Each structure stands twice: as C-alpha cells, then as structure tokens.
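The chain contents come next:
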Amino acid sequence: MTEHSGALAAHPFWKTALTHRLAVALLNAAVLLILAPSVVELAVELANWTGSSDRARAILAGLSTMLIGYGVVVEERAYINGKLGLYPTMLSDEEEAIDARCHSTGFAALSLGLLSEILFQSIDLPQTILNTQAIAWYLLLCSTIILAWVCVLLVLHACRMVLRRF
C-alpha cells in the first residue's frame, strides 16, 4: 500500500483523475492536436503571403484564446485540488513538485498566448495610431513562432508528467 492509498479511497475517482499528472499530460496532448497543425497551417499561410492577414489572424485569435485558458487552468492545479477537497489530504512532495511544474508551464502558456495576441492584434489598430501594414507579415510570423515554441513547451511538459520528471 502506498502512502496515499487511504487518501485516494476517501475521494471519488473523478476528483483524483481530473488533476492527476497523466490527465495533465492528456490535456497537453489534446491542446497539441489543435495547436501543432494550426502552426503548420499558419506557416503555409505566411509562405504563400498575399498581403491579407484575415485568415492568419482568425487562426491566431482562436489559438491565443485557447492558450490563455489552458494556461490559467494548468497554472492553478494546486488551487483546483484544494477546491476539490483533495488537498491537504493528498498533498505530498510529489504533488507539490507537479503543482510547481504546472504553475510554471501554465504561466508560460498564458504569457506566450497573450504575447502572441498582442502582436497580431496590433495589426487591427488604426494605421494613424500604429502603421503596421508594412510589418504585418513579421508580426504574424512572430506570433506563429511563439505558438511553435508553446508546442515544444507542451511536449516537454507532457513528457515530464508521464516520466515523473518534475
């Protein structure tokens, strides 16, 4: 019997499964299933640039919003465990390490999602405030690179969750 066997029995399975490290890895995989092909689509869009940023901005808007939401949820794993009644009963050194890793990864995803959004949203500002017509492609490229970076971050985070390398 492990240290937490009694604690697990005291909580419904869905509560412990919801924030388990493998559930976090599965959430990463689900986000990556949307994010990775979208980054490829953005790269193709930029490679075939026609001067219109409508399609790229629509993709970036969805992805940035998704990453902001993902970042908040993963960042607050410890808080969620507390609200589900899992902490302090199930709190251990390993859970604290998972929480710390989730907090830093969630914060990174949230911050990078916001940065991506700032870059591509600046294209929509009136040109009298900020003339972005000449640099729209570069702003979209930077947003795409940021999202590609988040893909790498999520892969690393998922691997850490699966392999217990917190």
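Read on for a plain summary of the structure.

## Some details on the overall build of the protein chain
Part 1: Secondary structure assignment for the protein chain yields seven helices and zero strands.
Part 2: Order of helices (α) and strands (β) in the protein chain, N terminus to C terminus: α-α-α-α-α-α-α.
Part 3: Computed over its C-alpha atoms, the radius of gyration of the protein chain comes to 19 Å, more than 25% above the 15 Å expected for a compact globule of 166 residues.
Part 4: Over its C-alpha atoms, taken along the principal directions, the protein chain stretches across nearly 65 × 30 × 20 Å.
Part 5: In the protein chain, which comprises 166 residues, the share counted as buried stands at 39%.

## Regarding the layout of surface pockets
With a probe scaled to a water molecule rolled over the atoms, the places where space remains empty come into view.
Part 1: Of the volumes computed, that of the second largest pocket is approximately 160 Å³.
Part 2: Around the second largest pocket sit Leu18, Thr19, Ala23, Val24, Leu27, Val73, Val74, Arg77, Ile80 and Cys102, which together line it.
Part 3: Contributions of two or more residues to the lining of the second largest pocket are made by helix H3 (21–47), helix H4 (54–75) and helix H5 (77–83).
Part 4: In terms of residue count, H3 provides more of the lining of the second largest pocket than any other element does, three residues in total.
Part 5: Per-class residue counts for the lining of the second largest pocket are eight nonpolar, one polar and one charged.

## Considering the side chain of glutamate 45
Part 1: Checked against the element boundaries, glutamate 45 lands in helix H3.
Part 2: Not counting residues within four places of it along the chain, the set of residues in contact with glutamate 45 comprises Arg55 and Ala56.

## A few points about a nonpolar patch on the surface
Part 1: Taken together, Leu22, Val162 and Leu163 make up a surface patch of nonpolar side chains, about 260 Å² in accessible area.
Part 2: Tracing the sequence through the fold places leucine 22 in helix H3.
Part 3: The class of leucine 22 is partly exposed, set by a relative accessible area of 38%.

## Some points on the packing of helix H6 (residues 93–121) against helix H7 (residues 136–163)
Part 1: One way to put it is that H6 packs onto H7 with a least axis distance of 9 Å and a crossing angle of 170 degrees. Taken as axis vectors, H6 and H7 run roughly antiparallel relative to one another. Considering the relative orientation of H6 and H7, their crossing is left-handed. Two secondary-structure elements touch here, H6 through Ile98, Arg101, Cys102, Thr105, Ala108, Ala109, Leu112, Leu115, Ser116, Leu119 and Phe120 and H7 through Leu139, Leu140, Cys142, Ser143, Ile146, Leu147, Trp149, Val150, Leu153, His157, Arg160 and Met161.
Part 2: In terms of residue class, the contact of H6 with H7 is built from 17 nonpolar, four polar and two charged.

## Overview of the state of the cysteines
Part 1: Going through the model one piece at a time under the given rule, you end up with zero disulfides.
Part 2: A disulfide-free cysteine, cysteine 151 has its sulfur positioned 13 Å from the sulfur of cysteine 159, the nearest such atom.
Part 3: The buried category is assigned to cysteine 151, whose relative accessible area is 11%.

## Here we look at the packing of aromatic side chains
Part 1: Taken as a whole and assessed by the stated rule, the structure comprises one aromatic pair.
Part 2: Residues tryptophan 137 and tyrosine 138 carry aromatic rings whose centres are separated by 5.2 Å and whose planes lie at 90 degrees to one another, so their mutual orientation is edge-to-face.

## Some words on the nonpolar core
Part 1: Among the nonpolar cores identified, the biggest contains 32 residues, and Leu35, Leu42, Leu140, Leu147 and Leu154 are the most heavily contacted of them.
Part 2: Sequence-distant contacts of leucine 42, defined by excluding residues within four places in its chain, comprise Ala56, Ile59, Leu60, Leu63, Thr144 and Leu147.

## Notes on the pattern of salt bridges
Part 1: Scanning the model with the defined rule gives seven salt bridges in all.
Part 2: Among the ionic pairs, aspartate 54 bridges to arginine 57, the shortest N-O distance being 3.4 Å. Of the two residues, aspartate 54 and arginine 57 are both situated in helix H4; the distance of three residues between them amounts to about one turn of the helix.
Part 3: Here arginine 164 and glutamate 94 are joined by a salt bridge, their closest N and O atoms 3.3 Å apart. Note that arginine 164 is positioned in the segment after H7 and glutamate 94 in helix H6, a separation of 70 residues in sequence.

What counts and what doesn't
Residues numbered from 1 in each chain as written. Predicted model: local features only at pLDDT ≥ 70, side-chain atom pairs only at ≥ 80, totals over all residues. Heavy atoms only, no water. Helix = DSSP H or I, 4+ residues; strand = E, 2+ residues; numbered from the N terminus. Rg over C-alpha atoms; globule rule 2.2 N^0.38 Å. Buried < 20%, exposed > 50% of the residue type's maximum accessible area, 1.4 Å probe, protein only. 1 Å grid on protein atoms, 1.4 Å probe; cavity = no way out; pocket = protein on both sides within 12 Å on 5 of 7 lines; lining within 4 Å. Points joined across faces, edges and corners; volume = space filled by probe spheres on them. Nonpolar A, V, L, I, M, F, W, Y, C, P; charged D, E, K, R; others polar. Contact = heavy atoms within 4.5 Å. Patch = residues over 30% accessible without salt bridge, like charges linked within 9 Å, V, L, I, M, F, W, Y side chains within 5 Å. Areas by Shrake-Rupley, 256 points an atom, 1.4 Å probe, with all protein chains shown as cover. Salt bridge = Lys/Arg side-chain N within 4 Å of Asp/Glu carboxyl O. Axes fitted to C-alpha atoms, helices over the stretch in contact; angles between N-to-C directions. Parallel < 35°, antiparallel > 145°, perpendicular 65-115°, else oblique. Left-handed = near helix turned anticlockwise from the far one by under 90°. Disulfide = S-S within 2.5 Å. Phe/Tyr/Trp six-rings, centres within 6.5 Å; stacked < 30°, edge-to-face > 60°. Core = buried A, V, L, I, M, F, W, Y, C linked by side-chain atoms within 4.5 Å.

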